[in-house]
Amino acid sequence: MTFLFRDPGIYLKKIFWLFIVMAVPVLVSAQDSDDKFKIPLNDSIKAHKLKEVEVKSHRISSTNKSPVPVQVLSGGELKRTSSLSVADAMRYLSGVQLKDYGGIGGLKTINVRSMGTNHTSVFYDGLQLGNAQNGQIDLGKFSLDNIEEITLYNGQRTDLLQPATGVASSASVYLKTLSPRFKTGTKLNAGLNLKAGSFGLINPSALLQYKISDQIYGSLNTSLTNANGKYKFRYTNGTYDTSAIRSNGDVLSNRIEAALYGKLSDEGTWNIKFYNYQSERGLPGATVGNRFDYKYRIWDKNFFIQSSVRHNVNKKYSILINSKYANDRLRYLDPEITNLNGLLENEYHEQELYFSMANSYYLTSFWQIAISTDYRYNTMDANLYRFPHPKRHTVLAALATQLKIKKLDLQLNVLSTSLSDQVQEGAAPGSKQEFNPTFMASWQPFSSDQLRLRGFYKSMFRTPTFNDLYFTQIGNRFLKPEYTRQYDLGITFSKTYDDILLSAISLQADAYYNEVKNKIIAQPGNNIAIWSMRNLGLVHIKGLDLNIKSSWELSKEVSISASMVYTYQKATDANPAPNENYGDQIPYIPVHSGSLLAGADYRRIGLNYSFIYTGERYNQAANNIYNYMQPWYTHDLSAFYKTTLNGNELKLNAEINNLLNQHYDVIANFPMPGRNYRLTLSYKL
Amino acid sequence: MKNLKSTVSVFLISSTLLCSVFSCRKDPAVIPEQEETVPPNGQSTEVRGFYLLNEGNLNMNKASLDYFDFNSGIYRRNIYNETNPEITKGLGDVGNDIGIYGSKLYVVVNVSNKVEVLDAKSGKRIRQIDIANCRYITFHKGRAYVSAYLGVVGDPKAPAGKVSEVDTAALQITREVTVGRQPEEMAVVADKLYVANSGGYSPPDYESTISVIDLSSFTELKRIEVAINLHRLKKDKYGDLYVSSRGDYFDIPSRLFVIDTKDDRVKKVFNTAVSNFCIDQDTAYLYSTEFSYQTGENEVSYKMINVKDETMLDGRFITDGTEYHIKTPQGIVVHPVTKDVFITDAKDYVSPGTLYCFSKEGKKKWQVTTGDIPAHIAFHYY
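Being a predicted model, the structure only gives us computed values, none of them experimental.

Asks: Would you take a moment to explain the overall build of chain B for this structure?
Replies: Across its full length, chain B holds two helices and 29 strands. Expressed along its principal axes, the backbone C-alpha trace of chain B runs to roughly 100 × 50 × 50 Å. Counting all 382 residues of chain B, 61% fall into the buried class. Considering only contacts in chain B between residues 6 or more positions apart, those separated by 24 or more positions represent 47%.

See the structure below:
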């Protein structure tokens, strides 16, 4: 194996300049001859374009007017990211670091603004995905084939009418599944999708949407993922140069989702959703000296049913009622450990019951208040030695108010969290009560609405998970919650143009300072096999997130979109002395990271390019040479072609990911795939 | 148009900014050695220096070897990779034991399933011996004995561990014997190998015995009932074995037992928790780290025992208050001539550790930064 380019740095710079040079002539010509773009457009195209611009400008305004940073990946842009799972797509958002253990089945979690994975909640169609066991959601399990939109909110979502859980974490990701839309006169939408490619991937999926009546729509979606997970990886120190095939990364999973959507006479809506996911996976282990292969296996069975009703009592008063039941089973097998019962096999069973009621009321045309109350009940069982089978009751109450006065948007909310645990063995840690305020503001300083200033302050915490508290011999019932404090100041700019090449541009820049206190960290106990969880960490995070998005109309048939994301994060260990690592960058957080996404559409053809960069990092607390990790960067290319078959749309998409075949680790000793390929065939009925 | 220009320039400036802050990958390089000088011994003895094995945290592939030269006072950190750059991914994951026998240095690397055999003088690798889930090593009459947690990996009906016998000249496994579940430390007394069994894979059904192996037939002669979850096992010069029980970490506390090998019976129990210890002549040096479920904190203590009379000593081997800086003691040895005490501090397990050298009066002579989880030391003689 050889690198295509001896010095990747030179190549990297070339790519940048290419990107810029590509943009420049376009701009120059735009300034020279505006006239040629005043040719009347073909009506249907024009209508289509107008619609697109409307959608775009709406999107731009909503993200730019938000008092907290919001990033949205949806529709075409989401497709441009050449992502298989939600996790892959999240890499294109600023302030986000993805922890990726590699491969299709490897664990993928996100860390927003260096506060830690547990501080980000993930919402699936408005309701939180729970994991009381370890508080982390594996976003690699969520395939993109039925996801319409991914939205990341720093701080919290700003809708006043939302469940109290919506304000109960330091950052939130909202996943929105495809909701049915019917062309006039049609009652049925159907789509078939087939993905295949490297790692032995075969991934068929099907979607069926049916208009039961004018008020009720139904939707059914199913997919199957099968992959052997094999890929070549390489490690070298200049003297040894070892390539091997990643093993035990096989996945077999299926997902079924069914939903009913309804409209109420008062412009309210309701929906009920059923979700079932099952998988069997190999768990690839750390590739360490003399050992690359492992035999761990994991079986997942996740199921939930959730419903949501939004009822507008009158023009001023609205109610949102959500409920959910979730049942998650996980079985883990380690065939390399034999105990008196045979091979080591652990089973975990979690259940969650959730109910929420939110109310919002307009006191005046510019002043709105809201109150929401959530109740959640979690249980966990496991066949572990001395496992206390914890049960947890959580009551959340949020009081919020919003003032919208001309150019100023002010929001304030206070969250109350009451928590109590019951355990079968040992002492329960007792109940906890916390109050957390959030303040958000957005201000338009000039008469034009293109430029806005914004800022927020949020104090939040995360409760210790069941693992933190009760995991046999590791868990520590003395743990206190882990607190975060966020300060953010930002500027947003957006503008759309009608008569020039650049049709829309938007910019978001935010500087922030975060503090994580009482960070829960595993510490050694009696011996290496036995750790205990402690409230030890103090982390200070200074960051800058920059987002630029632009759309270009080169001609009536060629449109280009380009976006860029940059993240600066100085996340330092601020634990007071004695601490040799004081001031060091915390593990796995690069100071610099960013991404580029560019796409061009011409008639039935589209081309996409994406680039991800993660700067140098350290894999442990001390910033020394032994913990140093090289920067990594990947280039992905994809192209699609659309045609019609029997009057229906047929689309073929081809991707080459990690084009330059860079071998890198996101997590030390968990190698990522080199160059890989994927083909997608979609047919809409 | 003005707007256009400004937006374009914003785009360009940002792109240029990105370019300048993005650094690229460096050429792959061998993990380098680092050197530090500490005060040399000042006293010339037959001990040239020592190797220190840093375990490295699980999955990090950071087992590493340090070397200290008593004469020059030069402490060399992470020497394996520069000496053996051709070994893929170096020493490996979780170093668990180290020993020098003859001219060879043996390093037991647990997760990497191997025993590395190096030339003791140069640190150059001679051979690798594959033993799955290997734990500790001891030597006797031209043979090395390596304990391993499982005799057979992957057999649901085989929870027992084993000891492998390695010919130190041919560097081949010659014989294997099944012992108790998850065996740990070993010692040879009168041509019999004593193996501490832990049973750590099946709490609360721990093992509670020492396996006694006849070295000529290499079969298990019997088991000595001691206490649950045995770990450390060292011999004194009076034919006694000192063996530690880890307890169950909840209700049954850690204890130290003395076995008389003449009749293979427990002859004394010290009601003191012990994580690790070493015996030099008539003195055993102990420390213990116990997690308290009452306070949620680790409690560390240091003690000494006279192994001749089997009595707890009142004296201390750290007398200058340095113990308050040691967070997680992980290894202890005593210089056979100067009687200096070396203690390693693994701290939080994910930071470089510290090696402390104390004079026999218990005053700190020097300290030096090690690799991650410094734990095992082998003296290197001229």
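Asks: Any chance you could explain the side chain of A:Glu148 here in plain terms?
Replies: Residue and element names in this part refer to chain A. Following the sequence through the fold, Glu148 ends up in strand S6 (residues 147–154). The buried category is assigned to Glu148, whose relative accessible area is 14%. Looking at Glu148, its side chain comes within polar contact range of the main-chain nitrogen of Ser179, at 3.2 Å. Setting aside its immediate chain neighbours within four residues, Glu148 contacts Leu73, Ser74, Gly75, Leu78, Lys176, Thr177, Leu178, Ser179 and Arg181.

Asks: Quick question: what am I supposed to make of the pattern of salt bridges here?
Replies: Side chains that carry opposite charge are capable of pairing whenever their charged atoms lie near each other. Residue and element names in this part refer to chain A. Counting across every chain of the model gives 57 salt bridges over all chains. Residues Asp138 and Arg281 are paired through a salt bridge, measuring 3.5 Å at the closest nitrogen-oxygen approach. A residue pair is termed long-range when its members are at least 10 positions apart, and Asp138 in the loop between strand S5 (127–128) and S6 and Arg281 in strand S14 (residues 269–282) qualify at 143 residues. The pair formed by Asp138 and Arg281 is uniform in burial state, with each residue classed as buried. Measuring nitrogen to oxygen at the nearest pair gives 2.1 Å for the salt bridge that ties Glu336 to Arg291. With Glu336 in strand S16 (residues 317–339) and Arg291 in the loop between S14 and strand S15 (297–312), this residue pair connects regions lying 45 residues apart in the sequence.

Asks: What is the right way to look at the confidence of the model for chain B in this model?
Replies: It should be kept in mind that the predicted coordinates are not to be read in detail where pLDDT is low. Chain-level statistics for chain B give a pLDDT mean of 93 and a share of 93% at 70 or above. Across the whole predicted complex the pTM is 0.90, and at the interface the ipTM reaches 0.93.

Asks: Looking at this model, I keep getting lost on the confidence of the model for chain A. Mind explaining?
Replies: Residue and element names in this part refer to chain A. Of the residues in chain A, 89% have a pLDDT of 70 or more, and the chain-wide mean is 88. Per-element averaging of pLDDT across chain A places helix H1 (residues 8–32) at the bottom with 37 and strand S12 (residues 241–245) at the top with 97. Under a pLDDT of 50 for its full length, residues 1–55 has, in the predicted model, 62 contacts with residues more than four places off or in other chains.

Asks: Looking at this structure, I do not really get the side chain of A:Gln97. What am I missing?
Replies: Residue and element names in this part refer to chain A. Here Gln97 shows up in strand S2 (residues 96–100). Polar side-chain contacts of Gln97 include one of 3.2 Å to the side chain of Ser593. Residues within four places of Gln97 in sequence aside, it is in contact with Thr109, Ile110, Asn111, Gln569, Ile589, Pro590, Ser593 and Thr614.

Asks: What exactly am I supposed to notice about the sheet that holds strand S20 (residues 265–270) of chain B here?
Replies: The pairing of strands in a sheet happens through backbone hydrogen bonds and is either parallel or antiparallel. All names here are of chain B. Judged by pairing direction, the sheet is antiparallel, and its four strands sit side by side in the order S17-S18-S19-S20 without closing on themselves. The open sheet has two edge strands, strand S17 (230–235) and S20, and neither has a second partner. The sheet shows a mean angle of 25° between the axes of neighbouring strands, taken without regard to direction. Strand direction decides the pairing type here: strand S18 (residues 240–245) and strand S19 (residues 255–260), joined by six bridges, are antiparallel. Opposite Asp240, over in S19, you have Asp260 as the bridge partner.

Asks: Even after reading the chapter, I still don't get the sheet that holds S5(A), so can you show me in this structure?
Replies: Residues and elements named next belong to chain A. If you trace the five strands from one edge of the open sheet to the other, you get S1-S6-S7-S4-S5, paired in mixed fashion. In this open sheet, the two strands that pair with only one neighbour each are strand S1 (70–74) and S5. For S1 and S6, the ladder comprises five bridges, and the chain directions are antiparallel. Paired with Val70 across the strands is Tyr153, a residue of S6.

Asks: I'm lost on the environment of B:Ser216 in this one. Help?
Replies: All names here are of chain B. Structurally, the position occupied by Ser216 is in the loop between strand S15 (209–214) and strand S16 (219–225). A sequence separation of 24 residues divides Ser216 from Lys192, and the C-alpha atoms of the two residues are 8.6 Å apart. A polar contact of 2.9 Å, which involves the side chain of Ser216, links it to the side chain of Asp214.

Asks: I tried to follow unusual backbone geometry on my own but got confused; where do I start?
Replies: Across residues other than glycine, the phi torsion is negative in most instances, and most of the peptide bonds are trans. Residues and elements named next belong to chain B. Cis geometry marks the peptide bond from Pro203 to Pro204; its omega dihedral reads 5°. The backbone of Asn78 sits at a positive phi, close to 60°, despite the residue not being glycine. Position of Asn78 relative to the elements: it lies in the loop between strand S4 (74–77) and helix H2 (80–83). Given a relative accessible area of 7%, Asn78 falls into the buried group. One non-glycine residue, Asp191, lies in the positive phi region at around 60°. Residue position: Asp191 is located in the loop between strand S13 (183–189) and strand S14 (192–197).

Asks: Got a minute to help me understand the packing of aromatic side chains in this structure?
Replies: Aromatic ring pairs are defined here through the distance separating the ring centres and the angle between the ring planes. Counted according to the given criterion, the structure contains 45 aromatic pairs over all chains. Each ring, one from A:Tyr124 and one from A:Phe304, has its centre 5.9 Å from the other, and the planes form 75°; the classification is edge-to-face. Placement of the pair is A:Tyr124 in strand S4 (residues 120–124) and A:Phe304 in strand S15, with a sequence separation of 180 residues. Since its relative accessible area comes to 4%, A:Phe304 is described here as buried. Both rings, one in B:Tyr101 and one in B:Phe139, keep their centres 5.0 Å apart while their planes meet at 5°; by these two values the pair is stacked. Taken together, the residues span a long stretch of sequence, with B:Tyr101 in strand S5 (residues 95–101) and B:Phe139 in strand S9 (residues 134–140) at a distance of 38 residues. Put simply, the rings of B:Phe50, B:Phe68, B:Phe70, B:Tyr75, B:Phe342, B:Trp366 and B:Phe379 pair up and form one aromatic cluster. Sitting over the ring of A:Tyr483, A:Lys517 keeps its end group 5.8 Å from the ring centre.

Asks: Looking at this model, I keep getting lost on the pairing of strand S26 (residues 558–573) of chain A. Mind explaining?
Replies: Two faces make up the sheet, and in a regular strand the side chains alternate between them. All names here are of chain A. The buried fraction of S26 amounts to 13 of the 16 residues, a majority that puts the element mostly inside the structure. Of the pairings in the sheet, the one linking S26 to strand S27 (residues 592–602) comprises 11 bridges and is antiparallel in character. By the bridge assignment, Val558 is partnered in S27 with Tyr602.

Asks: Explain the pairing of strand S27 (residues 352–358) of chain B here, please?
Replies: Residues and elements named next belong to chain B. Of all seven residues making up S27, seven are buried, and the element is well covered by its neighbours. Where strand S26 (residues 341–345) meets S27, five bridges bridge the pair, whose relative direction is antiparallel. Looking across to S27, one finds that Phe342 is bridged to Cys357. Between the end of S26 and the start of S27, which pair antiparallel, lie six residues, with Lys347 showing a positive phi angle near 50°.

Asks: Can you walk me through the environment of A:Gly674 in this structure?
Replies: All names here are of chain A. The topology assignment puts Gly674 in the loop between strand S34 (670–671) and strand S35 (676–684). Among the residues examined, Gly674 registers a relative accessible area of 5% and is labelled buried. Separated by 581 residues in the primary sequence, Gly674 and Leu93 have C-alpha atoms spaced 22 Å apart. Once residues lying within four places of it in the same chain are set aside, the contact partners of Gly674 are Lys232, Asn657, Asn658, Asn661, Gln662 and His663.

Asks: I'm lost on the nonpolar core in this one. Help?
Replies: The nonpolar side chains of a soluble globular protein tend to be buried with one another. Residues and elements named next belong to chain A. Ranked by size, the top nonpolar core spans 54 residues in total, and within it Val86, Met90, Leu139, Phe142, Ile150 and Leu175 carry the most contacts. Excluding residues that lie within four positions of it along the chain, Ile150 makes contacts with Gln71, Val72, Leu73, Leu78, Val86, Ala89, Met90, Leu144, Val173, Tyr174 and Leu175. Ranked by size, the runner-up nonpolar core spans 19 residues in total, among them Leu501, Ile548, Leu596 and Tyr613.

Asks: Just checking my understanding: could you explain a nonpolar patch on the surface for this structure?
Replies: Residue and element names in this part refer to chain A. On the surface, Leu188, Leu208, Tyr210, Ile212, Leu220, Ile256, Leu260, Ile272, Phe274 and Ile305 cluster together to form a nonpolar patch covering roughly 790 Å² of accessible area. In this fold, Leu220 is placed in strand S10 (residues 216–227). The exposure class assigned to Leu220 is partly exposed, which follows from its relative accessible area of 41%.

Analysis parameters
- Residues numbered from 1 in each chain as written.
- Chains lettered and ligands numbered in written order.
- Predicted model: local features only at pLDDT ≥ 70, side-chain atom pairs only at ≥ 80, totals over all residues.
- Heavy atoms only, no water.
- Helix = DSSP H or I, 4+ residues; strand = E, 2+ residues; numbered from the N terminus.
- Buried < 20%, exposed > 50% of the residue type's maximum accessible area, 1.4 Å probe, protein only.
- Contact = heavy atoms within 4.5 Å.
- Polar contact = N/O pair within 3.5 Å; in protein donor to acceptor, adjacent residues only side chain to side chain.
- Salt bridge = Lys/Arg side-chain N within 4 Å of Asp/Glu carboxyl O.
- pLDDT = per-residue confidence, 0-100.
- Pairing = 2+ DSSP bridges.
- Axes fitted to C-alpha atoms, helices over the stretch in contact; angles between N-to-C directions.
- Phe/Tyr/Trp six-rings, centres within 6.5 Å; stacked < 30°, edge-to-face > 60°.
- Lys NZ or Arg CZ within 6 Å of the ring centre and 35° of its normal.
- Core = buried A, V, L, I, M, F, W, Y, C linked by side-chain atoms within 4.5 Å.
- Patch = residues over 30% accessible without salt bridge, like charges linked within 9 Å, V, L, I, M, F, W, Y side chains within 5 Å.
- Areas by Shrake-Rupley, 256 points an atom, 1.4 Å probe, with all protein chains shown as cover.

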